[in-house]
Amino acid sequence: MWKEQPTCIECGKEILEPSLRCPKCQNLTLVPPIQGSHSSEINLQTMWSLSDFLPSYNKPITLFEGNTPIVKVRNIKGYKDLSLKLEFRNPTGSFRDRALSLIVSDAVQKKKKSIIGASTGSFSISLAAYSAKAGIDTTNVVPQNLELTKIEQMKIFGSRVIEIGDSVDEAISKAQELASKDDSYLATPETSLLTIEGQKTISLELALQMKNIKSVIVPRGAGSLIYSIFRGFQDAQKSNWVEDVPAIFAVSLEKTKVSHLAESLEIKKPFLLNEVKDILNKTKGQEIEIKGDEMITAAMDLAKYEGLFIEPASGSVLVAAEELLRNETITPESSVAILTGSGFNALNIYAAQMRDKKKVVWGLSESSTTKFEILNLIAEEKAVYGYSIWVSLGKTQSLQSIYQHLNELQKKGIIIISKRKTKRKEFEMTKKGYETIEKMRNLIDFI
Ligand SMILES: [Zn+2]
């Protein structure tokens, strides 16, 4: 099925299963750069028009993924004329569809009756949709703190969902355990070589769609997208579609500022960290850190002025692009930013941003009302320590009672003491806190 035989980059072992880790030494496996047809012979309709570069299957499972458009920014000054690759136009609203089309095709080829997946979101939604198309039973293992809207989408596509632990690592271990028990097919972005091989078609398309690309701006996440984009350009280079691999810029969130807006960007230790560093060096790109609140503003501006609705994490590349353009590190005409995910997959986050926050809190006790007001202040970072909260609430009650409320909220795991290094005791929301406040706001709207 492979066009070129994948091997382990360290021990050279030939890889039979599409695993991203060598079964012998645990190092990365790699499909060598592939030479495909002349670019004029490709009639780009879906990702599968690039089958020269993909493993072949008897019965590919497709929902018409890929061939996503490129549009130029017209109305936003900060990055006017920058090209945007609209990966959110894929069937389930993210670039992951390219990976899952291959992964589910592979499971079908192997006559698997069920697939077990683990991820933090769009990968699992995509898995659920492609399994539905293939008629294969699917279970998605996800962290317990995943947003409800994502879990609901998986269920709509007929997937079972198991919620376990706080991190994707725990979900992956559980998925591995389940898959080995009943001979299910295991699908996670961190373990499958097909993730890389599917996602690399983004850069093959870029090479066909755009002339003279010098820079590509990509959200870093755990590194798999950057790694894939580099791989795709290697194939394009080998096929003489491009002369050089463009500079790749990796966008991540400032480490001091953890946001609840983009789980895909909040990766503690990217599993392809060394590879990403290597790629940035080789291509003369760089890593850019941005602030969480800038990215949501950028995403909302894109909707307002360009008519494109993306998820908050995708806004990160726009913030980075603006900075790179300001510094004249890149030029708009020769640069492209990858917009990975749809705003429809993050509607709840936007709903929270748009909502009028000054509603009267009917139905809550006086003390709950104060807690709700305190939470709103901390969530929006308008006041994050005792004294400033007391002032913000108009000094209508004793300072001592504010400390009492903060104490209670902390005990319930709704807020924690911030790790920011300041003299004051500053608070920030936990994930549970954000969910609690969101539920309260929903309830209040309803009433
Ligand atoms: Zn090896």
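The structure under discussion appears in the preceding block.
Residues numbered from 1 in each chain as written. Predicted model: local features only at pLDDT ≥ 70, side-chain atom pairs only at ≥ 80, totals over all residues. Heavy atoms only, no water.

Asker: Whenever I open this one, the overall build of the protein chain confuses me. Can you help?
Answerer: Helix and strand counts for the protein chain stand at 15 helices and 14 strands. Computed over the C-alpha atoms, the radius of gyration of the protein chain is 23 Å, within 12% of the 22 Å expected from 2.2 N^0.38 for a compact globule of 447 residues. Expressed as lengths along the three principal axes of its C-alpha atoms, the size of the protein chain is roughly 75 × 55 × 40 Å. Put simply, of all contacts in the protein chain between residues at least 6 apart along the chain, 67% involve residues at least 24 apart. Considering the protein chain, the positive charge centre built from 58 side chains and the negative charge centre built from 54 side chains are found 3 Å apart. (Helix = DSSP H or I, 4+ residues; strand = E, 2+ residues; numbered from the N terminus. Rg over C-alpha atoms; globule rule 2.2 N^0.38 Å. Contact = heavy atoms within 4.5 Å. Lys, Arg positive; Asp, Glu negative; His and termini not counted. Charge placed at Lys NZ, Arg CZ, Asp CG, Glu CD.)

Asker: Hey, could you run me through the coordination of the zinc ion in this one?
Answerer: Each donor-metal-donor angle in an ideal tetrahedron of four donors is 109.5 degrees, and each such angle in an ideal octahedron of six donors is either 90 or 180 degrees. Looking at the zinc ion, one finds its protein donor set to be C8 (SG), C11 (SG), C22 (SG) and C25 (SG), positioned 2.3 to 2.4 Å from the metal centre. Geometry at the zinc ion is tetrahedral, judged from its four donor atoms and the angles of 97 to 123 degrees they form at the metal. As a motif over one chain, the donors of the zinc ion read C-x2-C-x10-C-x2-C. Of the two residues, C8 is situated in strand β1 (residues 7-8) and C22 in the loop between β1 and β2 (29-30); the sequence distance between them amounts to 14 residues. The two residues C8 and C22 agree in class, both being buried. (Donors = N, O, S within 2.8 Å, 3.2 Å for Na, K, Ca; no water. Tetrahedral: all angles 85-135°; square planar, octahedral: opposite > 155°, others 65-115°. Buried < 20%, exposed > 50% of the residue type's maximum accessible area, 1.4 Å probe, protein only.)

Asker: Looking at this structure, how should I read the layout of surface pockets?
Answerer: With a probe scaled to a water molecule rolled over the atoms, the places where space remains empty come into view. Computed from the structure, the second largest pocket encloses a volume of approximately 460 Å³. What lines the second largest pocket is a set of 19 residues, and nearest its centre among them are E17, P18, S19, L186 and T191. Here the lining of the second largest pocket takes three residues from helix α4 (residues 168-182), the largest share from any one element. Grouping the amino acids of the lining of the second largest pocket by side-chain chemistry returns eight nonpolar, seven polar and four charged. (1 Å grid on protein atoms, 1.4 Å probe; cavity = no way out; pocket = protein on both sides within 12 Å on 5 of 7 lines; lining within 4 Å. Points joined across faces, edges and corners; volume = space filled by probe spheres on them. Nonpolar A, V, L, I, M, F, W, Y, C, P; charged D, E, K, R; others polar.)

Asker: What should I look at first to understand the packing of helix α9 (residues 292-306) against helix α10 (residues 312-326) in this one?
Answerer: Packed helices, taken two at a time, are described by the angle between their axes plus the distance between the axes. Interaxial distance between α9 and α10 falls to 7 Å at its minimum, and their mutual angle equals 90 degrees. In terms of orientation, α9 and α10 fall into the roughly perpendicular class. Of the residues in α10, those in contact with E294, M295, I296, A298, A299 and L302 of α9 are P312, A313, G315, S316, L318 and V319. (Axes fitted to C-alpha atoms, helices over the stretch in contact; angles between N-to-C directions. Parallel < 35°, antiparallel > 145°, perpendicular 65-115°, else oblique.)

Asker: It is not clear to me how the sheet that holds strand β5 (residues 114-118) should be interpreted in this structure. Could you clarify?
Answerer: Within a sheet, each strand pairs with its neighbour through backbone hydrogen bonds, oriented either parallel or antiparallel. Taken in spatial order, the four strands of this open sheet run β7-β6-β5-β8, and their pairing is parallel. The sheet is open, and its two borders are formed by β7 (160-163) and β8 (185-187), each paired with just one other strand. Taking each pair of neighbouring strands and ignoring which way they run, the sheet shows an average axis angle of 20 degrees. Strand direction decides the pairing type here: strand β6 (residues 137-142) and β7, joined by four bridges, are parallel. Directly across from N140, in β7, lies its bridge partner V161. Relative to the sheet, helix α2 (residues 122-134) contacts β5, β6 and β8, its axis offset from that of β6 by approximately 175 degrees. Where helix α3 (residues 148-156) meets the sheet, its contacts fall on β6 and β7, and the angle it forms with β7 comes to roughly 150 degrees. (Pairing = 2+ DSSP bridges.)

Asker: What should I look at first to understand the pattern of salt bridges in this one?
Answerer: Summed over the entire model, instances satisfying the criterion amount to 20 salt bridges. As a salt-bridge pair, R74 and D81 come within 3.1 Å of each other at their nearest N and O atoms. Here K200 ties to D235 by a salt bridge, and the two come within 2.7 Å at their closest N and O atoms. Placement of the pair is K200 in the loop between α5 (193-199) and α6 (201-209) and D235 in helix α7 (residues 224-238), with a sequence separation of 35 residues. (Salt bridge = Lys/Arg side-chain N within 4 Å of Asp/Glu carboxyl O.)

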